[in-house]
Every structure is written in structure tokens, then in C-alpha cells.
There are 2 protein chains.
Amino acid sequence: MQKTIFIFGALVLALLVLFQLSKYSLVSGNTSIEFIIAGIAIVFFVIGIIINKKVLYKEKNNSEEIDHEKIKTLGLSKREYEVLCEIATGLSNKEIAEKLFVSESTIKTHVSNILVKLNAKRRTQAIQIAKELRIIQF
Amino acid sequence: MQKTIFIFGALVLALLVLFQLSKYSLVSGNTSIEFIIAGIAIVFFVIGIIINKKVLYKEKNNSEEIDHEKIKTLGLSKREYEVLCEIATGLSNKEIAEKLFVSESTIKTHVSNILVKLNAKRRTQAIQIAKELRIIQF
DNA sequence: ATACAATTCATACTTTAGTATGAGTGATTT
DNA sequence: AAATCACTCATACTAAAGTATGAATTGTAT
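Residues numbered from 1 in each chain as written. Chains lettered and ligands numbered in written order. Predicted model: local features only at pLDDT ≥ 70, side-chain atom pairs only at ≥ 80, totals over all residues. Heavy atoms only, no water.

Visitor: What is the right way to read the side chain of Glu86(A) from this model?
Guide: All names here are of chain A. Structurally, Glu86 can be placed in helix α4 (residues 78–88). Overall, Glu86 belongs to the buried group, its relative accessible area being 14%. When neighbours within four sequence positions are excluded, Glu86 is seen to be in contact with Leu91, Ile96 and Lys99. (Helix = DSSP H or I, 4+ residues; strand = E, 2+ residues; numbered from the N terminus. Buried < 20%, exposed > 50% of the residue type's maximum accessible area, 1.4 Å probe, protein only. Contact = heavy atoms within 4.5 Å.)

Have a look at this one:
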């Protein structure tokens, strides 16, 4: 927030300087009007692009962010969420068990709980639902 | 392509008109220099935003577009691709069979072929691989 | 015409996935 | 101290998923 205010302040200052520069160089007569106009056009063109890029970047980031609040709301525990992420990468129960150093039956228990909490019938459906809820990335 | 040329042509024309207008109004003396500069600044600011938005939109679309070439390269048939898309939505073989009006064993055959062609061990892995290859959306 | 690829289906089988139930442990809360 | 929760694990079962094989049909290309 403070950053935004600082940037806008600097911007306004730069514009005022530009205004005065233009006026003086016009009065003194050693610069043509076309040159000044072209300069101003380029400066504002670039400013427009930069500002737009920042805004769109924020929007993009927001749409790809994980909704940690929703994870809590659904009642997914830390371990269950871990398992959910591994499911989404395409691992089998056995592979997940090896990766997390627990038994396959433990993973089965977690998966069952995940399916209930996400209201899914299958793990493939759980992946879809988790994506729609912005719980996992892609 | 022709569209781009047309737009750029119109843009250059508009700029020339702006230049001349500025000069004349300055010479005639009924418009202040600040007003002209402000006008030009606004116009180019807006142009910058518009052009930037279009470029980013295209980039975004490209990154989300389906690579039809890759589908052919992998040797996926039309029907197999249909089944792959349904798998990605989280449907079971039986549900896919009902949706496509064929038997479950037909879907099983398709799924087996899909897994071989995508080099996947499971359907969940197939979803991931298909996403990475930009064959399906998300 | 025939060779070929795509699609369909079946049967039999193996492997995963998922459910149900019960239970033990450690950490945290009341 | 007792209750609660998250995590762990096991067993036994049912339900899907996936493999292998063979075969019939249809449209298309040679």
C-alpha cells in the first residue's frame, strides 16, 4: 500500500517536471513541438503498459492462489491435504505410502476421509473438485 | 494478420491527425500547451493499456490452448481423446460408458490404450501427463 | 477388392481402490 | 484426569480399474 502511494507520488512529480520542461523548451525555441509530443506520447505509452501489466499480474496470481481458508472449512487435516496433493500428481496409494513413510492402509484411511470431506466418489473426482475449490494448483 | 495491419494503419493515421491538430491549435492560440500535452498523454496511456491487454490475452490463450498436433503425434484416436477428457472430469468407466452410449468394456479397452499411449500407469497419472502435454484443459 | 485403422464388445483374470470396523498412540484441550 | 483429535495400522471385504486376448463391424485408403 505504501509502495503504491510512493509510486504514484513519484509519477505525478515526474509529470509536473515534464510539463515545465516542455513549456520552457518551447518558449526558448530550441525544440520542435513534434519532438515534445512524441516524447510525451512514448512516456505515457510505456506507463500505461507497465501499470496494466502489474494489475493483470495481480489478478493472475489471485486466481492461482490456494484457498487455505477453504481447506479448514472442509475439515481437511494437514496429513489429508498432503495425501490429496499426492493423489493429484497421479500416484497410487502404495506410492504415496512409500513417499510419506507410512503403510498403505493408512493412506487408504486418509483417502476415504478425503473423499467424504470433498463429497467425491473417486479420487479422480476429488482432483477435479479440489481444483474447482482452488485447494490445489494447476 | 490483415487485422493487425489495419489497426496499425488507423493508429498511425490518428497520430498524424493529432500532431497537426496540436500544431494548428497552438499557432491559433486558443488552446493552452498544458491541455494538449494532457490530451496526448491520456490518449497514449489508453493505447498502451489496450495494446498490452491484447498481447497478454493472446499469451494467456496460447498457454491454455490445446495442442492438437501433439494428440496426433501420440496416436490418440478421436474416441480415445473423448474418453481421456471424461476421465479428467472424474467420471468412472461405467459413467463414461453411459455418457458415450457404449459398453463399459469398450471404455476399458480405450482406457488401456490411452494409458499405453500416454505412458501412464493409472488414470490419475494420465490426467497429469495430459495436462503437462497441453492436451486437456485446466 | 483388400488391406488397414478405428470402434465396438466379451470373457477371464489380476491389481488397485475404496469401505467398514476396531484399535493403539501421542498431543492438546477442558 | 478425562475427553478429543489427528495419525497410525490391521483385517476383511466389495467395487472399480486395468490387462490380455480374441473377434466382429465399418469406413477409408491403396
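Having seen the structure, we can now continue with the description.
Visitor: Would you take a moment to explain helix α7 (residues 123–132) of chain B for this structure?
Guide: One turn of the α-helix equals 3.6 residues, which is why residues spaced by three or four share an orientation. Of all 10 residues making up α7(B), 8 are buried, and the element is well covered by its neighbours. Those residues of α7(B) that sit buried are Arg123(B), Thr124(B), Ala126(B), Ile127(B), Gln128(B), Ile129(B), Ala130(B) and Lys131(B). Packing partners of the buried residues in α7(B) comprise α4 and α7 (123–132) of chain A together with α4 (78–88), α5 (93–100) and α6 (104–118) of chain B. After α7(B) finishes, the residue Arg134(B) shows a positive phi value of roughly 60°.

Visitor: What exactly am I supposed to notice about the side chain of Lys131(B) here?
Guide: Tracing the backbone shows Lys131(B) in helix α7. As a buried residue without a salt bridge, Lys131(B) has its nearest oppositely charged side chain in Glu132(B), at a separation of 8.3 Å. Not counting the four nearest positions on each side in its chain, Lys131(B) is found in contact with Lys131(A), Phe138(A), Ile136(B) and Phe138(B). (Lys, Arg positive; Asp, Glu negative; His and termini not counted. Salt bridge = Lys/Arg side-chain N within 4 Å of Asp/Glu carboxyl O.)

Visitor: In this structure, what is going on with the UniProt feature "domain: HTH luxR-type" (unreviewed entry) in chain A? I would like to understand it.
Guide: When the UniProt feature table is mapped to this numbering, "domain: HTH luxR-type" (unreviewed entry) covers residues 69–134 of chain A. Note that residues 69–134 of chain A is 76% helix and 0% strand, and that its end C-alpha atoms are spaced 10 Å apart. (UniProt positions renumbered as here; feature names shortened; annotations may be inferred.)

Visitor: What is the right way to read the relation of the copies chain B and chain A from this model?
Guide: Put simply, the two copies of the chain differ by a rotation about an axis and a shift along that axis. Aligned on chain A, chain B shows an RMSD of 0.5 Å; the corresponding rotation is 179° and the shift along the axis is 0.2 Å. As the rotation angle and translation indicate, the two copies are arranged about a two-fold axis. The overlap is high: 100% of the interface residues of chain B also sit at the interface in chain A, so the same surface is used on both sides. (Least-squares fit on C-alpha atoms with pLDDT ≥ 70 in both.)

Visitor: Help me understand the pattern of salt bridges in this model?
Guide: Opposite charge on two side chains permits pairing when their charged atoms draw close. Within this structure, the stated rule accounts for 12 salt bridges over all chains. Among the salt bridges present, the one from Glu95(A) reaches Arg122(B), with a minimum N-O distance of 2.7 Å. You can see Glu95(A) sitting in helix α5 (residues 93–100) and its partner Arg122(B) sitting in the loop between α6 and α7, one on each of two chains. Close ionic contact of Glu82(B) with Arg79(B) constitutes a salt bridge, the shortest N to O distance being 3.0 Å. Of the two residues, Glu82(B) and Arg79(B) are both situated in helix α4; the distance of 3 residues between them amounts to about one turn of the helix. Residue classification places Arg79(B) among the partly exposed residues on the basis of a relative accessible area of 30%.

Visitor: Got a minute to help me understand the protein's contact with DNA strand D in this structure?
Guide: Around DNA strand D sit 18 residues, and of these Ser77(A), Ser103(A), Lys108(B), Ser112(B) and Arg123(B) come closest. Here DNA strand D approaches the protein such that, of its atoms within 4 Å, sugar and phosphate make up 70%. Ser112(B) places a polar side-chain atom, nitrogen or oxygen, 2.7 Å from a phosphate oxygen of DNA strand D. The backbone of Arg123(B) places a nitrogen or oxygen atom 2.7 Å from a phosphate oxygen of DNA strand D. At the level of secondary structure, the elements contributing two or more residues to the surface near DNA strand D comprise α4 and α6 (104–118) of chain A together with α6 of chain B. Broken down by class, the residue content of the surface near DNA strand D amounts to 3 nonpolar, 9 polar and 6 charged. (Near = heavy atom within 4 Å. Polar contact = N/O pair within 3.5 Å; in protein donor to acceptor, adjacent residues only side chain to side chain. Nonpolar A, V, L, I, M, F, W, Y, C, P; charged D, E, K, R; others polar.)

Visitor: Would you mind going over the packing of α6(B) against α7(B) with me for this structure?
Guide: When two helices pack together, you describe them by how their axes are tilted relative to each other and by the distance separating the axes. Residue and element names in this part refer to chain B. It is at 10 Å that the axes of α6 and α7 come closest, and there the two elements cross at 50°. The pairing of α6 with α7 is recorded here as oblique in orientation. In this structure, α6 meets α7 at a crossing whose hand is left-handed. Of the residues in α7, those in contact with Val111, Leu115 and Leu118 of α6 are Arg123, Ala126, Ile129 and Ala130. Across the contact of α6 with α7, the residue classes tally to 6 nonpolar, no polar and 1 charged. (Axes fitted to C-alpha atoms, helices over the stretch in contact; angles between N-to-C directions. Parallel < 35°, antiparallel > 145°, perpendicular 65-115°, else oblique. Left-handed = near helix turned anticlockwise from the far one by under 90°.)

Visitor: Any chance you could explain the interface of chain B and chain A here in plain terms?
Guide: Listed per partner, the contact involves 35 residues of chain B and 35 residues of chain A. Where chain B packs against chain A, one counts 4 salt bridges. A salt bridge links Glu95(B) to Lys121(A); the shortest N-O distance between them is 4.0 Å. Taken together, the connections running from chain B to chain A amount to 4 residue pairs in polar contact (both at pLDDT 80 or more). For the side of chain B that touches chain A, the element with the highest residue contribution is helix α2 (residues 33–64) of chain B, accounting for 15 residues. Split by residue class, the side of chain B that touches chain A holds 18 nonpolar, 9 polar and 8 charged.

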